[in-house]
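Descriptive analysis of the structure
Chain by chain, the residues run as shown.
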Amino acid sequence: MEIFHIAAECYPVAKVGGLGDVVGALPKYQNSAGHLVSVVLPCYDTKFINENEFEIVYNSHVKLGKFNFPFNVLKEKSAKLGFELYLVEILELFDRKEVYGYEDDIERFLSFQIATLDWIITRNRVPDIINCHDHHTGLIPFMMLYAYKYEILRNTASVITIHNSIYQGQFGFDKLYYLPDFDLLQVTVLEWDSKINSLATAIKCASAVTTVSPNYLNEINNSAYGLESLFNLVRHKSKGILNGIDVEVWNPVKDKMLAANYSIKNLVKGKQENKEKLCNQFDLDPTKPLFSFIGRLLEEKGADLLPHAAALALSENYKEINILVLGSGNKEIENQLSHLLASFKGNYNVFIGYNEELAHLIYAGSDFLLMPSRVEPCGLNQMYAMKYGTIPIVRRTGGLKDTVIDFGDGGNGICHDQASISDVCYSIQRAVDLYKDKKKINDIRKSGMKIDHSWESVCQEYIQVYNLILNKNES
């Protein structure tokens, strides 16, 4: 089966969050399972792209309303990622450092989608499956069905994988002319809440809808930022598939980013060596329990709770705990976290920004990982944490509820129900008490490390979805 994944992110080419990790891993494992898999994403100005060799396999112009942008399709020469990587190079729109956050993002990702389809229809054969990821590629299933020039793709099966329904790619009908000519009788398919809604359009048009955890699929039927009724309508073609983690990248036994590699057998020694390096780097005491947060500093991640919860937890457990934060996002949250440094020097530190090597070291060197998320469609951090023998402290939501069970119920984590300062602090206190019981905490760590969250089985779930819709198309 030939599968195309089309996305805005793919680790290590360009990554902002979990979307990048998934698109960098799932295709590799599908390829290993015997399928022909390609990933297509925009050509940004990133380190990976600048340091690797590409060849031009196609060039043309993409028409976006009255605009005409020249573009190239580049293919990575070595296939070092475990799949064929293609980049759509539109210099005027994507030759930038950041993936998102520009005023012309609508134009950028629309041009990417159109250019991608323009190229695909020139190939010798069309893919069996086109798997789109999030709203940045959400208009592709619609164009495949209704745009005249893509008629050859009309019977090609499409999947929309939803990593987060908060972001929907909405824009006004004043930009309708950006789209290639299509059957105007279908214009209402684009509409949701009086706007063109890329995610809603994908949900309507795709052959199948997948979410990144079973529990998240249940949640969005009741709370999906205005799309609840639509998700209920398409429940028959929807499936929640829990993300996996790439154990070639996330594995303390062979992770080259760690101060010391370790397995279950030498867990205590290995974690302590990494903890000492981490604590030395951030002026913390390696004899105390270390609580860390890794991620975007946004309300949906519960990051707005961190400044107050950290201050309260550090005050109540004076000199008993360490807290370390790695992330960036909301400037007010960044400033509040930075201001805590003056009050809790020696027990607290923060790194504003993101550093992949540091993230790996934090997973290995921390005792507990804080994830007080309001929204967490799947979450990968808790899986990384358990793989590295770090105990996740999570709010029961989305994929966190699917993957973390409280140690009081025989599980491998600490769970709370509310995204509140009091729940976070109470969970930290439970963790402090657990830390004192060395045998119990090490048993929980080892149990978490044994859980198989690898992509092999997850990959097969996607293949089952693909086979199901292909069989429907043939019948």
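First, a word on what this report is: a plain description of the structure on this page. (Residues numbered from 1 in each chain as written. Predicted model: local features only at pLDDT ≥ 70, side-chain atom pairs only at ≥ 80, totals over all residues. Heavy atoms only, no water.)

1. Concerning the overall build of the protein
When helices and strands are counted, the protein shows 17 helices and 18 strands. Relative to its length of 475 residues, the protein is compact, with a C-alpha radius of gyration of 23 Å against a globular reference of 23 Å. For the C-alpha atoms alone, the extent of the protein along its principal axes is close to 65 × 45 × 45 Å. By the burial criterion, 60% of the 475 residues in the protein qualify as buried. Surface exposure of the protein reaches about 19,000 Å², of which carbon and sulfur atoms provide 49%. With 48 positive and 58 negative side-chain charges, the protein shows a separation of 5 Å between the mean positions of the two kinds. (Helix = DSSP H or I, 4+ residues; strand = E, 2+ residues; numbered from the N terminus. Rg over C-alpha atoms; globule rule 2.2 N^0.38 Å. Buried < 20%, exposed > 50% of the residue type's maximum accessible area, 1.4 Å probe, protein only. Areas by Shrake-Rupley, 256 points an atom, 1.4 Å probe, with all protein chains shown as cover. Lys, Arg positive; Asp, Glu negative; His and termini not counted. Charge placed at Lys NZ, Arg CZ, Asp CG, Glu CD.)

2. Observations concerning the sheet that holds strand E13 (residues 290-294)
Strands in a sheet are paired, the pairing made by backbone hydrogen bonds, and the direction either parallel or antiparallel. Overall, parallel pairing links the six strands, which are arranged E15-E14-E13-E16-E17-E18 in an open sheet. Two strands lie at the open edges of the sheet, namely strand E15 (348-352) and strand E18 (414-416), each paired on one side alone. On average, adjacent strands in this sheet sit at an angle of 15 degrees to one another, irrespective of strand direction. Examined bridge by bridge, strand E16 (residues 368-371) and strand E17 (residues 391-395) share four bridges and lie parallel to one another. In the sheet register, Met-371 faces E17, and the bridge partner there is Val-394. The strands that helix H11 (residues 331-343) touches are strand E14 (322-327) and E15; relative to E15, the one it contacts most, it runs at about 145 degrees. (Pairing = 2+ DSSP bridges. Axes fitted to C-alpha atoms, helices over the stretch in contact; angles between N-to-C directions. Contact = heavy atoms within 4.5 Å.)

3. Description of the packing of helix H9 (residues 267-282) against helix H16 (residues 438-450)
Look at H9 against H16: their axes get within 11 Å of each other, and the N-to-C directions meet at 90 degrees. One element, H9, and the other, H16, form an angle in the roughly perpendicular class. Residues Leu-267, Val-268 and Lys-271 of H9 form the contact with H16, whose own contacting residues are Asn-442, Arg-445, Lys-446 and Met-449. Here the contact of H9 with H16 is built from residues that sort into three nonpolar, one polar and three charged. (Parallel < 35°, antiparallel > 145°, perpendicular 65-115°, else oblique. Nonpolar A, V, L, I, M, F, W, Y, C, P; charged D, E, K, R; others polar.)

4. Quick look at the state of the cysteines
In protein structure, a disulfide is the covalent linkage between the sulfur atoms of two cysteines. Considering all chains together, one arrives at zero disulfides under this definition. You can see Cys-43 has no disulfide; the closest cysteine sulfur is in Cys-10, sitting 13 Å from it. Free cysteine Cys-459: the closest other cysteine sulfur is in Cys-10, separated by 15 Å. (Disulfide = S-S within 2.5 Å.)

5. A short note on the pattern of salt bridges
Between side chains of opposite charge, a pair can form as their charged atoms come close. Overall, the coordinates contain 26 salt bridges when judged by the stated rule. A salt bridge links Glu-356 to Lys-15; the nearest nitrogen and oxygen atoms lie 3.5 Å apart. Of the two residues, Glu-356 sits in helix H12 (residues 356-365) while Lys-15 sits in the loop between strand E1 (2-6) and helix H1 (18-32), which places them 341 residues apart along the sequence. For Glu-356, a relative accessible area of 15% gives the class buried. Judged by its relative accessible area of 26%, Lys-15 is partly exposed. A salt bridge links Lys-254 to Glu-248, with the nearest nitrogen and oxygen atoms 3.1 Å apart. A relative accessible area of 49% places Glu-248 in the partly exposed class. (Salt bridge = Lys/Arg side-chain N within 4 Å of Asp/Glu carboxyl O.)

6. A closer look at the pairing of E13
Taking burial as the measure, the five residues of E13 include five buried ones, the bulk of the element. Side-chain alternation along E13 places Leu-290, Ser-292 and Ile-294 on one buried face and Phe-291 and Phe-293 on a second face that is also buried. Bridge count for E13 against E14 is five bridges, and the pairing is parallel. Its bridge partner being in E14, Ser-292 is matched across the sheet by Leu-324.

7. Description of the packing of aromatic side chains
Given two aromatic rings, one states the distance between the centres and the angle between the planes to describe the pair. Scanning the model with the defined rule gives 18 aromatic pairs in all. Relative to Tyr-384, the ring of Tyr-363 lies with its centre 5.6 Å away and its plane at 75 degrees, an arrangement referred to as edge-to-face. In this pair, Tyr-363 sits in helix H12 while Tyr-384 sits in helix H13 (residues 381-387), placing the two residues 21 residues apart along the sequence. The same class applies to Tyr-363 and to Tyr-384, which are both buried. Every member of this aromatic cluster is reached through a ring pair, and the members are Tyr-44, Phe-94, Tyr-100, Phe-109 and Phe-112. A cation over an aromatic ring shows up here: Arg-96 above the ring of Tyr-102, its NZ or CZ 4.8 Å from the ring centre. (Phe/Tyr/Trp six-rings, centres within 6.5 Å; stacked < 30°, edge-to-face > 60°. Lys NZ or Arg CZ within 6 Å of the ring centre and 35° of its normal.)

8. Focus: unusual backbone geometry
Generally, phi is negative for residues other than glycine and the peptide bonds are trans, each holding for most cases. In the segment running from Tyr-11 into Pro-12, the intervening peptide bond is cis, with an omega of 5 degrees. Following the sequence through the fold, Pro-12 ends up in the loop between E1 and H1. Phi at Asp-134 takes a positive value of approximately 60 degrees, unusual for a residue other than glycine. Assignment of secondary structure puts Asp-134 in the loop between strand E6 (129-133) and helix H5 (140-146). Although it is not a glycine, Ser-194 sits at a positive phi angle of roughly 70 degrees. Relative to the assigned elements, Ser-194 resides in the loop between strand E9 (191-192) and strand E10 (195-197).

9. Here's the deal with the sheet that holds strand E8 (residues 170-171)
With antiparallel pairing, the three strands of this open sheet are ordered in space as E8-E10-E9. Of all the strands in the sheet, just E8 and E9 have a single pairing partner and so form its edges. Pairing geometry for E9 and E10, over two bridges, is antiparallel. The residue bridging Trp-192 from the neighbouring strand is Lys-195, located in E10. The strands touched by helix H6 (residues 198-205) are E8, E9 and E10; relative to E10, the strand with the most contacts, the crossing angle is about 60 degrees.

10. Let's talk about the environment of Leu-341
Within the secondary structure, Leu-341 sits in helix H11. Separated by 19 residues in sequence, Leu-341 and His-360 place their C-alpha atoms 23 Å apart. In contact with Leu-341, not counting residues within four places along its chain, are Tyr-348, Asn-349 and Val-350.

11. As for the nonpolar core
Ranked by size, the top nonpolar core spans 78 residues in total, and within it Val-13, Leu-41, Leu-85, Leu-87, Ile-90, Met-143 and Ile-203 carry the most contacts. Tallying contributions element by element places helix H4 (residues 105-120) first for this core, with eight residues. Every residue in contact with Leu-85, bar those within four places of it in the chain, is listed here: Val-13, Val-39, Leu-41, Phe-48, Phe-54, Leu-74, Lys-75 and Glu-76. Formed by 56 residues, the second largest nonpolar core is a distinct cluster that contains Val-212, Leu-358, Tyr-388 and Val-458. (Core = buried A, V, L, I, M, F, W, Y, C linked by side-chain atoms within 4.5 Å.)

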